[in-house]
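Understanding the architecture of this molecule
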Amino acid sequence: MDSHTQLHAAASKVLSRAYAPYSNYPVAAAALDTAGVIHTGVNIENASYGVTLCAECSLISSWRLNAGTELTHLVCLNAARQYITPCGRCRQVLIEHAPKTLSIATQHGPITLEDLLPVAFGPESL
């Protein structure tokens, strides 16, 4: 089983834990690190939309809390278990915490984080 297929299964498993009563758009994310550990996250909405937590952000939080190693692969799924790409905010969060070579599954095949967010503003820009 390839990494993206393995992550699809992991994200599918946690998708029901998403909290999306306002948008009715649950999202789950799963990422693999260099130690072979899978990290997951789900979106957690809030009545004050600005403080909603995207699935990728909750994944990064969990990854940090669990002292994960460098991320290598990422999958984001919607309720239909289709690959979706991270939103702009999450792309920026990923640039801060993942290598530009991070492989992200999409409907059109894998793409790197660098290709998804070219000429990104990151820590090296400061």
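First, a word on scope: everything that follows refers to the structure included in this document.

Criteria and thresholds
Residues numbered from 1 in each chain as written. Predicted model: local features only at pLDDT ≥ 70, side-chain atom pairs only at ≥ 80, totals over all residues. Heavy atoms only, no water. Helix = DSSP H or I, 4+ residues; strand = E, 2+ residues; numbered from the N terminus. Rg over C-alpha atoms; globule rule 2.2 N^0.38 Å. Buried < 20%, exposed > 50% of the residue type's maximum accessible area, 1.4 Å probe, protein only. Contact = heavy atoms within 4.5 Å. Areas by Shrake-Rupley, 256 points an atom, 1.4 Å probe, with all protein chains shown as cover. Salt bridge = Lys/Arg side-chain N within 4 Å of Asp/Glu carboxyl O. Axes fitted to C-alpha atoms, helices over the stretch in contact; angles between N-to-C directions. Parallel < 35°, antiparallel > 145°, perpendicular 65-115°, else oblique. Left-handed = near helix turned anticlockwise from the far one by under 90°. Nonpolar A, V, L, I, M, F, W, Y, C, P; charged D, E, K, R; others polar. Core = buried A, V, L, I, M, F, W, Y, C linked by side-chain atoms within 4.5 Å.

**Quick notes on the overall build of the chain**
A count of helical and extended segments in the chain gives 4 helices and 5 strands. Beginning at the N terminus, the succession of helices and strands in the chain can be written as α-β-β-α-β-α-β-β-α. Taken against the 2.2 N^0.38 rule, which gives 14 Å for 126 residues, the C-alpha radius of gyration of the chain at 14 Å falls within 12% of a compact globule. With the C-alpha coordinates of the chain rotated into their principal frame, the extents come out at 40 × 35 × 30 Å. Looking at the chain as a whole, 42% of its 126 residues qualify as buried. Nonlocal contacts in the chain, meaning residues at least 24 apart in sequence, comprise 59% of its contacts between residues at least 6 apart. Of the roughly 6600 Å² that the chain leaves accessible, carbon and sulfur atoms contribute 55%.

**Describing the pattern of salt bridges**
Per the stated rule, a full pass over the model turns up 1 salt bridge. We note a salt bridge from E124 to K100, for which the minimum N-O separation is 3.4 Å. Taken together, the residues E124 in the segment after α4 (113-116) and K100 in the loop between α3 (88-97) and β4 (103-104) connect sequence positions 24 residues apart. We classify E124 as exposed; its relative accessible area is 52%. The partly exposed category is assigned to K100, whose relative accessible area is 34%.

**So, the packing of helix α2 (residues 55-65) against α3**
At a minimum axis distance of 9 Å, the contact between α2 and α3 shows a crossing angle of 20 degrees. One finds that α2 runs roughly parallel with respect to α3. Considering only the axes of α2 and α3, their crossing is left-handed. For the pair α2 and α3, contact is made by E56, C57, I60, W63 and R64 and by R89, C90, V93, L94 and H97, respectively. A class-by-class count of the residues in the contact of α2 with α3 yields 6 nonpolar, 1 polar and 3 charged.

**Structural notes on the nonpolar core**
Ranked by size, the top nonpolar core spans 19 residues in total, and within it L71, L74, L102 and L113 carry the most contacts. Those elements giving two or more residues to this core turn out to be β1 (28-33), α2, β3 (71-77), α3 and α4. Looking at this core, the element that brings in the most residues is α2, giving 4 residues. Apart from residues no more than four positions distant in its own chain, L74 is found in contact with H4, L7, A29, A30, A31, L59, P86, L94, L102, S103, I104 and A105. Counting residues in hydrophobic clusters, the runner-up holds 13 residues, among them A11, A28, L77 and A105.

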